[in-house]
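Structural overview for review
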Amino acid sequence: MGEHDRIRRVAERLRSAKCVAVMTGAGVSAESRIPTFRDAMTGLWASFDPQKLATPEAFDADPETVSRWYDFRREKCLEAIPNPGHEAITTMQQRLASQGGQLHVLTQNVDGLHQRAGSTGVVELHGSIMRWRCTKTGARITDLPIPLPTYPMPSASGGLLRPDVVWFGETLPEDALQAAFDAARSCDLFFSVGTSSMVYPAAGFAHLASKHGAMLVEVNPQRTELSMFADVVLTGPSGQVLPEVVRAAFGHTSE
Ligand code: BJW
């Protein structure tokens, strides 16, 4: 089956679906020029290992460096604009809603680009880079200047402000986890878009959906840990592939 036929097969299922779940990873924002998580260390940050910086241990040992890294990335995310991949997901969500269905956006990304593309109810499994959280009280704060005046940034209650994201070894927000479980168990179609499918528990939701009977579709220019389990693999950048799926299903790419 060629790529065109694979897209048609997905489009047919999408047209008749009542419930769709879309799990996204860093690749969906690559065409907005936000480097993927594993490619994030460019320029000044080239000598750092993201897997080591995105940990509570790194923040405890060197809160200045970790705060600077997140503030640098916060600025890049704010400068970025949503791309046709984000927009296609929003279009799918609106089309499904208009025919009485629903589409759940589950994202591992912390960049806020799905919301800025107009998707609603976005489930942020790994938090948001736009928010900071007090290490003492857990209070959240969103309206801090860019750049921060100092690194690390003290909180009003004598603690530090850390990014409100989920680091390795930390648990995901309970409400986001529950929403993702519910969506994976109840959807007829599950898209895994732009993720290496290496990080758990997020990577497990595709398998859960498949076990519950959903068609599993992967969108990625590269093969991943998930590819061999997918019913359909659409090979290419999500900013090209997803608009093609929307066109094939609904005949146009925007509302
Ligand atoms: C394109 C493209 C284009 C390029 N179009 N695509 C089970 C087994 C083994 C280990 C574990 C397990 N369960 C839990 C763990 C431990 C750990 C884990 O999974 N480790 C793995 C490395 C093995 N998980 C955790 O610690 C989680 N917590 C947890 O489970 O708590 C309970 C517990 C604790 C302790 C022990 C056991 C249980 C928390 C995970 C938190 C992840 N946080 C991060 C950082 C967020 C903040 C930040 O951004 O700095 O989240 S890590 C990082 O990885 C980030 C991402 O959201 C996440 C996923 O990465 P993603 O999105 O897949 O990006 P990439 O870069 O890997 O891939 C990009 C993809 O895009 C590639 O495939 C490209 O080809 C593709 N692409 N251009 C489409 N144009």
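Our subject is the structure that appears above.
It should be emphasised that the depicted structure is a prediction, and the values quoted were computed from it without experimental measurement. (Residues numbered from 1 in each chain as written. Predicted model: local features only at pLDDT ≥ 70, side-chain atom pairs only at ≥ 80, totals over all residues. Heavy atoms only, no water.)

**A short note on the overall build of the protein chain**
Looking only at helices and strands, one finds 9 helices and 10 strands in the protein chain. The C-alpha atoms of the protein chain give 19 Å as radius of gyration, which agrees with the globular expectation for 255 residues (18 Å, within 12%). With respect to the three principal axes, the spread of C-alpha positions in the protein chain is 55 × 35 × 35 Å. Looking at the protein chain as a whole, 52% of its 255 residues are labelled buried. Within the protein chain, contacts between residues at least 6 apart in sequence are counted, and of these 69% link residues at least 24 apart. For the protein chain, the exposed area adds up to about 11,700 Å²; of that, 52% sits on carbon and sulfur atoms. Taken as two groups, the 24 positive and 28 negative side-chain charges of the protein chain have centres that lie 3 Å from each other. (Helix = DSSP H or I, 4+ residues; strand = E, 2+ residues; numbered from the N terminus. Rg over C-alpha atoms; globule rule 2.2 N^0.38 Å. Buried < 20%, exposed > 50% of the residue type's maximum accessible area, 1.4 Å probe, protein only. Contact = heavy atoms within 4.5 Å. Areas by Shrake-Rupley, 256 points an atom, 1.4 Å probe, with all protein chains shown as cover. Lys, Arg positive; Asp, Glu negative; His and termini not counted. Charge placed at Lys NZ, Arg CZ, Asp CG, Glu CD.)

**Re helix H1 (residues 3–16)**
Between its first and last C-alpha atoms H1 spans 20 Å; for 14 residues at 1.5 Å apiece the expected length is 20 Å, and the two agree. Listed in full, the buried residues belonging to H1 are Ile-7, Val-10, Ala-11 and Leu-14. Buried residues of H1, viewed axially, fall in a sector of 105°; they line one side. Where the residues of H1 are buried, they touch strand E1 (19–24), helix H5 (84–98), strand E8 (189–193), strand E9 (215–220), strand E10 (232–235) and helix H9 (238–250). (Expected span 1.5 Å × (residues − 1). Arc of directions from axis to C-beta.)

**Here we look at the sheet that holds E10**
If you walk across this open sheet you meet the 6 strands as E3-E2-E1-E8-E9-E10, and the pairing is parallel. On the outer flanks of this sheet lie strand E3 (123–124) and E10, each paired with one strand and no other. Bridge analysis of strand E2 (residues 102–107) against E3 gives 2 bridges, and the strand direction is parallel. The residue bridging Thr-107 from the neighbouring strand is Glu-124, located in E3. (Pairing = 2+ DSSP bridges.)

**Examining the sheet that holds strand E7 (residues 160–165)**
In a beta sheet, neighbouring strands pair by backbone hydrogen bonds and run either parallel or antiparallel. Across the sheet, 4 strands lie side by side as E5-E4-E7-E6; this open sheet has antiparallel pairing. Lying at the two open borders of the sheet, with one neighbouring strand each, are strand E5 (140–141) and strand E6 (153–154). Where strand E4 (residues 127–134) meets E7, 5 bridges bridge the pair, whose relative direction is antiparallel. Bridge pairing in E7 links Arg-133 to Arg-162. Packing against the sheet, helix H4 (residues 63–79) makes contact with E4 and E7, and its axis sits at approximately 140° to E4. (Axes fitted to C-alpha atoms, helices over the stretch in contact; angles between N-to-C directions.)

**Quick look at the site of the ligand**
Around the ligand, the structure places 35 residues, and the nearest of them are Arg-38, Tyr-70, Gly-169, Glu-170 and Ser-196. One of the side-chain N or O atoms of Thr-195 is found 2.7 Å from an oxygen atom in the ligand. One of the side-chain nitrogen or oxygen atoms of Asn-220 is found 2.8 Å away from an oxygen atom of the ligand. In the complex, 74% of the free accessible area of the ligand, which totals 1,500 Å², lies under the protein chains. Comparing atom positions with the cavity grids shows the ligand to sit within the largest pocket. Broken down by class, the residue content of the shell around the ligand amounts to 16 nonpolar, 15 polar and 4 charged. (Near = heavy atom within 4 Å. Polar contact = N/O pair within 3.5 Å; in protein donor to acceptor, adjacent residues only side chain to side chain. 1 Å grid on protein atoms, 1.4 Å probe; cavity = no way out; pocket = protein on both sides within 12 Å on 5 of 7 lines; lining within 4 Å. Sits in = over half its atoms within 2 Å of the grid points. Nonpolar A, V, L, I, M, F, W, Y, C, P; charged D, E, K, R; others polar.)

**Notes on the packing of aromatic side chains**
Here the structure, examined in full by the defined rule, presents 4 aromatic pairs. Their ring planes at 55° and their centres at 6.0 Å tell us that Tyr-70 and Trp-167 sit as a pair that is tilted. With a gap of 97 residues between them, Tyr-70 in helix H4 and Trp-167 in the loop between E7 and helix H7 (174–186) connect regions that are remote in the sequence. Like Tyr-70, the residue Trp-167 is buried in the burial classification. Arranged with centres 5.1 Å apart and planes meeting at 80°, the rings of Phe-181 and Phe-205 form a pair that is edge-to-face. (Phe/Tyr/Trp six-rings, centres within 6.5 Å; stacked < 30°, edge-to-face > 60°.)

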